[in-house]
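Examining the three-dimensional arrangement
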Amino acid sequence: MRILLVDDSKTMRNIQKAVLSQLGHTDVLEACDGQDALSKAPAFKPELMLVDWNMPNMDGLTFVKTWRQNNKQTPIIMVTTEAEKSRVIEAIKAGVNNYVVKPFTPDLLSQRIQETLQRAGVAAAAAQAASAPAAA
Amino acid sequence: MDAIYIKPFIASISNVFSTMMQLPVTVKEPYVKPAEGPSSDVSGIIGMSGDVRGSVVLSFSNTTAENIVALFCGQKYGAGTPDFADAIGELVNMVSGGAKALFKDRKVSISCPSVVLGVNHILAKQSDVPTVVIPCATDCGIVNIEVSIKDARTPATPADAPATAQA
């Protein structure tokens, strides 16, 4: 599975990469801000994105809104220090599928990744079933 | 400075250090930093804006910072390397972000972190805002949180006040 990791902190990217590796995900591309992610994502075609909020050049919320204009399906998890309820709502409205507040334990991040992928899989299967022609 | 601006930082640093590093924090008595106050070797700085304005600094000695970064990153980085500065920046980011979420009824934004390195450096702050130092003892050494913020909400004008009946 191709995963795009968007965070301006290399330390946080390393911590998240270690969790992803424990889950068996090693096809991980890193981006250091929203602009970098926008330049890398189209060619990489990520199947999951972990996105920080506060970053230089382009913040995570702007990136998610921009990406969602043409990509409705890619599951996105916001991983951020922004913990206020209003911020979570803002992120969900922008198109984020799940939310992790820093600091987090490896177990919590694993859990959120797994539930996000599971939900995305269920949604994709439902969409495929809905578009398939009815059996005779 | 009101305690409502201090308690969130105490709660936040305890949460960040225990969650990310399993490192317990013992908070000592906060005090107002004198004008010629203590300097440090490593400072992670975050600016706050919105309903609350000012800055928050995590300050360490070189040794303490190196010990904490080693725990946080799972490997040792020398002070002055880019990875070391990145880790310090992320720690102050998490502590400040966690604290601002605990400010009741205040909408606050935080800046991207900056890190200053240099033995016994001194940071110049806004002169109209006192700096409260919260000393935090850990097994890695003492970490000081320096909180220099003030309420920046616009006071209600008489025109905003509800009308009252005149006798």
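Our structure is the block above this text.
Residues numbered from 1 in each chain as written. Chains lettered and ligands numbered in written order. Predicted model: local features only at pLDDT ≥ 70, side-chain atom pairs only at ≥ 80, totals over all residues.

1. Notes on the overall build of chain A
Looking only at helices and strands, one finds five helices and five strands in chain A. Listed by position from the N terminus, the elements making up chain A come as β-α-β-α-β-α-β-α-β-α. Taken over C-alpha atoms, the radius of gyration comes to 15 Å for chain A, in line with the 14 Å a tight globule of 136 residues would show. Seen through its C-alpha atoms, chain A measures out along the principal axes to roughly 55 × 35 × 30 Å. Residues classed as buried in chain A amount to 38% of the 136 residues present. (Helix = DSSP H or I, 4+ residues; strand = E, 2+ residues; numbered from the N terminus. Rg over C-alpha atoms; globule rule 2.2 N^0.38 Å. Buried ≥ 20, exposed ≤ 12 C-beta atoms within 10 Å, placed from the backbone.)

2. Focus: the nonpolar core
With 40 residues, the main nonpolar core has Leu-58, Val-69, Ile-88, Leu-91, Val-92, Val-95 and Ile-145 of chain B as its most contacted residues. For this core, the secondary-structure elements that each account for two or more residues are α1 (7-21), β3 (40-50), β4 (52-60), α2 (62-73), α3 (82-100), β7 (132-138) and β8 (141-151) of chain B. Among the elements that line this core, the one with the most residues is α3 of chain B, at nine residues. Ala-31, Ala-41, Leu-61 and Val-96 of chain A belong to the second largest nonpolar core, which has 27 residues in total. (Core = buried A, V, L, I, M, F, W, Y, C linked by C-beta atoms within 7 Å.)

3. Quick look at the environment of Gly-97 of chain B
Counting through the fold element by element, Gly-97 of chain B comes out in helix α3. Judged by the 25 C-beta atoms lying within 10 Å of it, Gly-97 of chain B falls in the buried class. Ignoring sequence-local partners within four residues, the contact set of Gly-97 of chain B consists of Thr-81, Glu-82, Ala-83 and Lys-102 of chain A together with Ile-110 of chain B. (Contact = placed C-beta atoms within 7 Å.)

4. As for the pairing of β4 of chain B
Residue and element names in this part refer to chain B. Counted residue by residue, β4 has eight buried out of nine residues, so it is predominantly covered. Across seven bridges, the pairing between β3 and β4 is antiparallel. Pairing of Met-48 across the sheet is with Gly-54, part of β4. In textbook terms, the turn of a hairpin is the stretch between consecutive antiparallel strands, and for β3 and β4 this stretch comprises one residue. Where β4 meets β8, eight bridges bridge the pair, whose relative direction is antiparallel. From the neighbouring strand, Val-56 faces β8, where its bridge partner is Val-147. (Pairing = 2+ DSSP bridges.)

5. Describing the interface of chain A and chain B
Counting residues at the interface gives 16 residues for chain A, matched by 18 residues for chain B. When grouped by side-chain class, the residues that make up the side of chain A that touches chain B number five nonpolar, six polar and five charged. (Nonpolar A, V, L, I, M, F, W, Y, C, P; charged D, E, K, R; others polar.)

6. Focus on the sheet that holds strand β1 (residues 3-6) of chain A
Residue and element names in this part refer to chain A. Strand order in the open sheet formed by five strands is β2-β1-β3-β4-β5, with parallel pairing between adjacent strands. Here the strands that pair on one side only, and so sit at the sheet edges, are β2 (28-31) and β5 (98-101). On average, each strand axis in the sheet is tilted by 20° relative to the strand beside it, whichever way the strands run. Summarising the sheet, β1 and β2 pair through four bridges and their orientation is parallel. Residue Leu-5 lies in a different strand from β2, and its bridge partner there is Glu-30. The sheet strands contacting helix α5 (residues 106-131) are β3 (48-51), β4 (76-80) and β5, and the helix crosses β5 at an angle near 175°. (Axes fitted to C-alpha atoms, helices over the stretch in contact; angles between N-to-C directions.)

7. Some remarks on the pairing of β5 of chain A
All names here are of chain A. Alignment of β4 against β5, held across four bridges, turns out to be parallel. Residue pairing in the sheet places Val-79 in a bridge with Val-100 of β5. A crossover links β4 with its parallel partner β5, the connecting element being helix α4 (residues 85-94), and its sense is right-handed. (Right-handed = clockwise from strand over helix to strand, strands pointing away.)

8. Side note on the packing of helix α2 (residues 34-44) of chain A against helix α3 (residues 60-68) of chain A
All names here are of chain A. Look at α2 against α3: their axes get within 9 Å of each other, and the N-to-C directions meet at 30°. Considered as vectors, α2 and α3 are oriented roughly parallel to each other. For the element pair α2 and α3, the recorded crossing hand is right-handed. Along its contact with α2, which presents Gly-34, Ala-37, Leu-38 and Ala-41, the element α3 presents Gly-60, Thr-62, Phe-63, Thr-66 and Trp-67. Considering only residue class, the contact of α2 with α3 consists of five nonpolar, four polar and no charged. (Parallel < 35°, antiparallel > 145°, perpendicular 65-115°, else oblique. Left-handed = near helix turned anticlockwise from the far one by under 90°.)

9. A short note on the environment of Ser-110 of chain A
All names here are of chain A. Here Ser-110 lies in helix α5. The exposure class of Ser-110 is partly exposed, given the 15 C-beta atoms found within 10 Å. Considering only alpha carbons, one finds Ser-110 and Gln-16, 94 residues apart in sequence, at a separation of 9.3 Å. Excluding residues within four positions of it along the chain, Ser-110 makes contact with Val-19 and Leu-23.

10. Brief notes about α5 of chain A
Residue and element names in this part refer to chain A. Between its terminal C-alpha atoms α5 stretches 37 Å, which fits the 38 Å expected from 26 residues at 1.5 Å a residue. Those residues of α5 that sit buried are Leu-109, Ile-113, Thr-116 and Leu-117. Residues of α5 that are buried make contact with α1 (10-22), β3, β4 and β5. (Expected span 1.5 Å × (residues − 1).)

Spatial relationships are all this shows, so hold off on functional conclusions.
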